[in-house]
Amino acid sequence: MSRIKKLKATSKMREIMLAYYMQGKQAEEVSWVTSGAPVEFLYAMDVYPIYPENHAALIGATKMGPNFSQIAENEGFSQDLCSYARCDIGSAMVGSSPIGGLPKPNFLLCCNNICNTVVKWYEVLSRMFKVPLFILDVPFVRKELRESYVNYVEEQLYDFIRFLEKVTGEEFDESRFREVISLSIQGVNAYRDVLLMGRHKPSPLTCFDAFLNMAPIVCLRGTETPIGFYGELKEELEERVKNGVGAVDNEEIRLLWDNIPIWYELKRLSEFFIDHNACLVADTYTNAWTGILRLENKSDPIRSLAETYTFIYLNLGLELMAEAINRLIDVYDVDGVVIHSNRSCKPYSFGQYEIQKMIDVPSVVIEADMTDSRVFSMAQVETRLEAFLERLKS
Amino acid sequence: MRRVGYFCTFTPKELIKAAGFTPVRILTGNQHVSLANAHLQNYCCSQVRGSLERLLRGELDIDAAVFTRTCDSLMRLADIWERNSNMLVHNLEFPTKIDGRSREFLIRELYDFKSKLEEWRGKEITSEDLKSSIELYSYLEGLLDEIFRIKPDYELILRAQTEDAEEVLREAEKKVRELRDLKGERGEQKDARVLVTGSVCPAVDVLSLIEEAGFSIVDDLCTGTRFFKSDVESRDVNSMEEAMEFLAEKYLRKAPCPTKSYDGDWRFKYILERVKEVDAVIFLLLKFCEPHFFDYPQLKKELEKMGKKTLLLELEFPIVSYEQLKTRLEAFYEMVV
């Protein structure tokens, strides 16, 4: 028997996501889109958004990462490239995956506010599928969000509207767009409330629960679905709090996770922390989506979208990132940070050694990859984590 | 304060020079990384790690560093650099998407960079300063272009990137005269011409090995042709506005680099056009360089369709085994001729 206390909502989430992918296969107009892109435009124009990153995470979680990576590698894609990209390209090449492959895109939307990797990855897809690619180019906010950056992004959003009108043959409907934004905000609010449940002691959820249940806010943000789903999930967590049930029995240590999950090891890692009475109560990854709440109460939706999507966690300089981590440390009252140095994600991982010196609690770095298990050693990671937890307990 | 370091060839060195500084390109060194290990993971490329190593070893005689938006690794290096040195640091957000929108944004960034340089220098950059700096580089780049069309000189181009332009100018003029004199008499074209495309390669010995294997080189390296080549011809500029517009256009139409995304897939078209004059292609790529490695498989396929043989050499600096490179190059030469 696993020691992991499963949330009922997680099976609901699986149904939701299965339906999401199945529906995608019926959709007339499909766009593949990066996780940090303003998806609100697509839902407003009845374009079905498909997320190769989420799909790659799914491949990772089903331990098929090496398999699909290898297909891309045989085609000449280096093993040092992002493993999400390798999984996605490999899967697209053979048209299969744990969910039977993704529906073919009519066009691609790529926003480099999460990395420049996606620009190259989507160029590859654009050549493979021979479909148009729209790049939303976002300047890097090293110290401060400058007005010139927002202007540049805003102008491109208007370009994107024209692009959408051209490819769909439909006119952009601003009132529909405002509705989608409102749904997006409500969804993110409901999602944030779920994450905030981690403030309770003991915490009713771990970051592994957050990872497993994040797909709806990524993929369905702007629809009704996440609002209802996260509402229910929150009720389930409230129930746990009421009954004094923690996700981890005898929660002794509260931790924060940094970087993308190690998808193929969620279970073993979960159990490892349970065995050590340590609870990962929050993480920087799922919290990145709550940044979208900056949209609230703004009269000019396009301008504020430009601002919001430029000021995305991964697009910030190290000082701003460390500030955000320190806020999480404070809000969730954590004792230490587990930092995943992720071979596949350079903008997330480079600078972590500096961040260690800038944050308010002790931290440990573990070396891994989000989907490629070939570069991972559980024994090594366990040794590091054990030493770290011992240090925190003493 | 005298010298301003930069990494990426999309950095408008004309502005640095006009401010009265010597622009110096920072490239990885010849030593193994040890100090930088505490600041950057080993899956970061050796240009970024090696440059940081040089900083930490105190090898760099520069007072400020400019990080032009290039790739994710350099983007992160800016903050690591700032935290581990006393240098002034500026990041110039060069657009990644190169299309009709880029020009206006880049001009804005150029003005911001100008203000920063003026602040560092404590003195205004006049349009005359900028005009003469633009002319200086146009002249130098013209000479380098002529040299590279005949026979790439990697020692010289490295100096052009790491020393004062005026110093290198005389050397370049001399070289051009020599090549012009030689040109008529030596039908010295070797039997195999190869396009060498790729990232930075400050190790001149690697290029010598390619020549020694029997190839004559047509260059498309970041530390070669892409340092000086632009589609936009030099022109007279008579005001600050004209100068900035010229710079923006010049750099937007610089020989295409995989860190940018071009309207109409310009980089692929550019490479496929350039290979018409060669027999084979060598990809000289830095290990972990994502922009180049993403382009590689599809570009290679296109090249093969055209009947071009290709070789991938994945480099990490400092290079451990020249012997191995030599063997592979010799084998490739045999295959091509």
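Quick caveat, the model's predicted, so the values are computed rather than measured.

Draft legend 1. Here's a closer look at the interface of chain A and chain B. Listed by partner, the interface residues are 56 residues for chain A and 51 residues for chain B. Contact between chain A and chain B buries roughly 4800 Å² in total, counting both sides, with carbon and sulfur atoms accounting for 50%. Interface area lost by chain A to chain B is led by Lys 120, Arg 142 and Phe 350 of chain A, which between them contribute 16%. Where chain A meets chain B, there are 13 salt bridges. Ionic pairing is found between Asp 79 of chain B and Arg 142 of chain A, a salt bridge with its closest N-O pair at 2.9 Å. Across the contact surface, chain A and chain B share 36 residue pairs in polar contact (both at pLDDT 80 or more). Sorting the residues of the side of chain A that touches chain B by element identifies α5 (83-94), α6 (117-129), β4 (133-136), α7 (147-168), α15 (318-332), β7 (336-342), α16 (346-349) and α17 (352-358) of chain A as the ones contributing at least two each. For the side of chain A that touches chain B, the leading source of residues is α6 of chain A, giving eight residues. Grouping the amino acids of the side of chain A that touches chain B by side-chain chemistry returns 25 nonpolar, 13 polar and 18 charged.

Draft legend 2. Structural context of the domain arrangement of chain B. All names here are of chain B. We note that the domain assignment places domain 1 (3-123 + 240-247) and domain 2 (190-222 + 257-337) within chain B. The gap between the C-alpha centroids of domain 1 and domain 2 is 26 Å. Domain 1 puts 23 residues into the contact, and the matching count from domain 2 is 17 residues. Between domain 1 and domain 2, roughly 1600 Å² of surface is buried when both sides are summed, and carbon and sulfur atoms account for 65% of that area. Contact with domain 2 buries surface across domain 1, with Phe 10, Ser 46 and Ile 98 losing the most and accounting together for 28% of the total. In this structure, the connection of domain 1 to domain 2 is made through six residue pairs in polar contact (both at pLDDT 80 or more). Among the secondary structure elements, those contributing two or more residues to the side of domain 1 that touches domain 2 are α2 (46-56) and β5 (97-98). Taken together, the residues that form the side of domain 1 that touches domain 2 break down as nine nonpolar, 10 polar and four charged.

Draft legend 3. Quick peek at the packing of helix α8 (residues 204-212) of chain B against helix α13 (residues 322-336) of chain B. Residue and element names in this part refer to chain B. For the pair α8 and α13, interaxial distance at closest approach is 9 Å and the crossing angle is 30°. Relative to α13, the element α8 is oriented roughly parallel. Between α8 and α13 the crossing geometry is right-handed. Contacts from Asp 205, Val 206, Leu 209 and Ile 210 of α8 reach α13 at Tyr 322, Leu 325, Lys 326 and Leu 329.

Draft legend 4. Structural context of empty space enclosed by the protein. The tally for this structure, following the rule as stated, stands at 10 cavities of 30 Å³ or more. The volume enclosed by the largest cavity comes to roughly 430 Å³. Thr 70, Cys 71, Thr 259, Cys 289 and Pro 291 of chain B are, among the 35 residues lining the largest cavity, the residues nearest its centre. For the lining of the largest cavity, the secondary-structure elements that each account for two or more residues are α6 and α16 of chain A together with α2, α3 (72-83) and α12 (290-305) of chain B. Class assignment of the residues belonging to the lining of the largest cavity gives a composition of 18 nonpolar, 11 polar and six charged.

Draft legend 5. How the structure looks around the sheet that holds β4 of chain A. All names here are of chain A. With parallel pairing, the four strands of this open sheet are ordered in space as β2-β1-β3-β4. Edge strands, defined here as strands with exactly one partner in the open sheet, are β2 (48-50) and β4. This sheet shows a mean twist of 25° between the axes of neighbouring strands, independent of strand direction. As paired strands, strand β1 (residues 30-33) and strand β3 (residues 107-111) are joined by three bridges and run parallel to one another. By the bridge assignment for β3, Trp 32 is matched with Leu 108.

Draft legend 6. Seen up close, the environment of Ala 165 of chain B. Residues and elements named next belong to chain B. Checked against the element boundaries, Ala 165 lands in helix α7 (residues 165-185). Owing to a relative accessible area of 2%, Ala 165 belongs among the buried residues under this scheme. As a C-alpha pair, Ala 165 and Gly 5 span 160 residues in sequence and 14 Å in three-dimensional space.

Here is what the cut-offs are and how they apply
- Residues numbered from 1 in each chain as written.
- Chains lettered and ligands numbered in written order.
- Predicted model: local features only at pLDDT ≥ 70, side-chain atom pairs only at ≥ 80, totals over all residues.
- Heavy atoms only, no water.
- Contact = heavy atoms within 4.5 Å.
- Buried area = accessible area lost by both parts, 1.4 Å probe.
- Salt bridge = Lys/Arg side-chain N within 4 Å of Asp/Glu carboxyl O.
- Polar contact = N/O pair within 3.5 Å; in protein donor to acceptor, adjacent residues only side chain to side chain.
- Helix = DSSP H or I, 4+ residues; strand = E, 2+ residues; numbered from the N terminus.
- Nonpolar A, V, L, I, M, F, W, Y, C, P; charged D, E, K, R; others polar.
- Domains from an automatic or database assignment.
- Axes fitted to C-alpha atoms, helices over the stretch in contact; angles between N-to-C directions.
- Parallel < 35°, antiparallel > 145°, perpendicular 65-115°, else oblique.
- Left-handed = near helix turned anticlockwise from the far one by under 90°.
- 1 Å grid on protein atoms, 1.4 Å probe; cavity = no way out; pocket = protein on both sides within 12 Å on 5 of 7 lines; lining within 4 Å.
- Points joined across faces, edges and corners; volume = space filled by probe spheres on them.
- Pairing = 2+ DSSP bridges.
- Buried < 20%, exposed > 50% of the residue type's maximum accessible area, 1.4 Å probe, protein only.

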